[in-house]
Amino acid sequence: MAAYCAVPPDDPFAVARGMFDGLTAELAGPAAAVLTACELEELLDERGREVLRQLMQDHFDLRAAREERQAREDRAPVTGPDQVTRTRLEAGHGRLLATLFGTVRVTRCAWRKPGAGNWCPADAALSLPAGRHSHSLAKLAALEAARGSFGAARDAVTRRCGPVIGKRQLEQSVTGAAADIPAFYAARVPEPCTAKTLLVLSADCKGIVMRPGALRAATAKAAARLGKMRTRLASGEKPNRKRMAALVTVYDAEPAKRRPHDVIAPPGGRRGGRPLRPGPKARAKWLAGSVRNDPAEVIAAMFDEAEARDPLHLRTWVVLVDGAEHQLDLIRAEAARRGAEVHIVIDLVHVLEYIWKAAWSLHDAGDPAAEDWVAARALAVLAGGSARASQEITAQASAASLPASRRTGAGACVRYLSARHEYLRYDQALAEGWPIATGVIEGACRHLIADRLDIGGARWGLDGAEAVLTLRAVISNGDFEEYWRYHLAREHQRLYPGTKQGKYALGA
């Protein structure tokens, strides 16, 4: 192996300086004088990035020369993290590193011993990644992939950095970037709150179209069954291409007492100038989700976060749900296991949907009177009279002698209100100042999943879907920069255990 000069030149940045001088000379010349602002900007973007790449290369070369000179002067054996002492020095070991400015070559000394792998102290000093792509490039890839498709992310990285990463390598990099998210949140200590501050929990699920190998066993089995028709689905058949992702949120809110008329306008609309009382405002929101884990595991994580915020169960825990029975079972079981008293409230918007179904059973399509009818029933429910509302709807449907085809909506509403009566105590919720709508988790379903994982034509592998979903949650929580520092520290300890990593060291 050819050794390079261990003595740095008088100016280790001579190459980069020459490139910079050449660029400034070109800008001062007549050719640049006729460039438009756009052309000038593009010239500096391309040529300036090459100057920065050369600066980085020159710096690595300088460090390599210093390291070799120091190693040859000391000649002291080196003990690696594996506790093996190596006595043989071999200079000139190089590896490529793709960076934000392009690809550079990092040259360093390797200490060797027969029967043991090489140990390069410079790798730990630089905290180099295991693969070819730098941590900064991986960070850019993670942010771009969380925003758009993997193909669009690769194009965005290429526009900024040049052709430094392929689509498959970018997907693998994003998967690795999300590896420490569960540990990051498990280690974080939430800000304390007073006992009067509400602790609000909410959960929901949304399907993601997956590749066949990423489906759960039951879904894959259903997808393998032949349908009634060969070329398309028959009525009532499902394609069985989705895997459910579970989403949860925990947030703090100060109680905000209200009355039913603050939520629903009375029949005929509001009159007078009485200002509406605002509802509770969410703060310190924490979002999490998983397509890999079962909903029971995700709901357990939601309760973990709640207990981290209120370990002694001194605050009022309000759980907002959409009324799905399986979800209710999981929440009740988890609360019982932890000995936590929770107040479960079904989202008012879901109740309103059933009341509107009943309205169209009792009114002709498009009848304006249906709106006032819905308002009257909704106000009754908000006042704690869901049972009375059910009786009124049943009586009106019977008095109208509706045919079976028209009774469907009214019957569904009555069954819904009757079966979930214990979770419709909106009179108590409003008097105590609790939230009664699942807007936070509904919004999370939209911007965490629908806006990215549900884009047209997407078919997800399990690792990629999990990484993008969890990264989008971290970004939505406003924790990405803090998480990335944590991730770099964890990655450094995985690659170079027992060595320091400067300001990113764990526990620093």
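Structure shown above.
Basis of the calculations
Residues numbered from 1 in each chain as written. Predicted model: local features only at pLDDT ≥ 70, side-chain atom pairs only at ≥ 80, totals over all residues. Heavy atoms only, no water. Salt bridge = Lys/Arg side-chain N within 4 Å of Asp/Glu carboxyl O. Helix = DSSP H or I, 4+ residues; strand = E, 2+ residues; numbered from the N terminus. Buried < 20%, exposed > 50% of the residue type's maximum accessible area, 1.4 Å probe, protein only. Pairing = 2+ DSSP bridges. Axes fitted to C-alpha atoms, helices over the stretch in contact; angles between N-to-C directions. Contact = heavy atoms within 4.5 Å.

Concerning the pattern of salt bridges
Tallying each qualifying case throughout the model produces 31 salt bridges. One salt bridge in this structure joins R216 and D294, with 3.4 Å as the shortest N-O distance. Pair noted here: R216 is in the loop between β6 (198–209) and α9 (217–224) and D294 is in the loop between β8 (283–290) and α11 (295–309), with a separation of 78 residues, a long-range link. Taking the shortest distance from any N to any O, the salt bridge between R315 and D252 comes out at 2.7 Å. Here R315 is found in the loop between α11 and β9 (317–321), whereas its partner D252 is found in strand β7 (residues 242–253), with 63 residues between them in sequence. Judged by its relative accessible area of 6%, R315 is buried. Judged by its relative accessible area of 3%, D252 is buried. Among the ionic contacts, a cluster of salt bridges with common partners joins D304, E307, E334, R337 and R338.

Digging into the sheet that holds β9
With respect to topology, five strands assemble into an open sheet ordered β8-β7-β6-β9-β10, the strand pairing being mixed. With partners counted over all chains shown, the strands left at the sheet margins are β8 and β10 (342–346), one partner each. The mean inter-strand angle of the sheet, taken between neighbouring strand axes irrespective of direction, is 20°. Examined bridge by bridge, β9 and β10 share five bridges and lie parallel to one another. Its bridge partner lying in β10, V321 is registered against I346. Against the sheet, α11 makes contact with β6, β7, β8, β9 and β10, and its axis sits at roughly 10° relative to β7, the strand it touches most.

The analysis is restricted to geometry; functional conclusions fall outside its scope.
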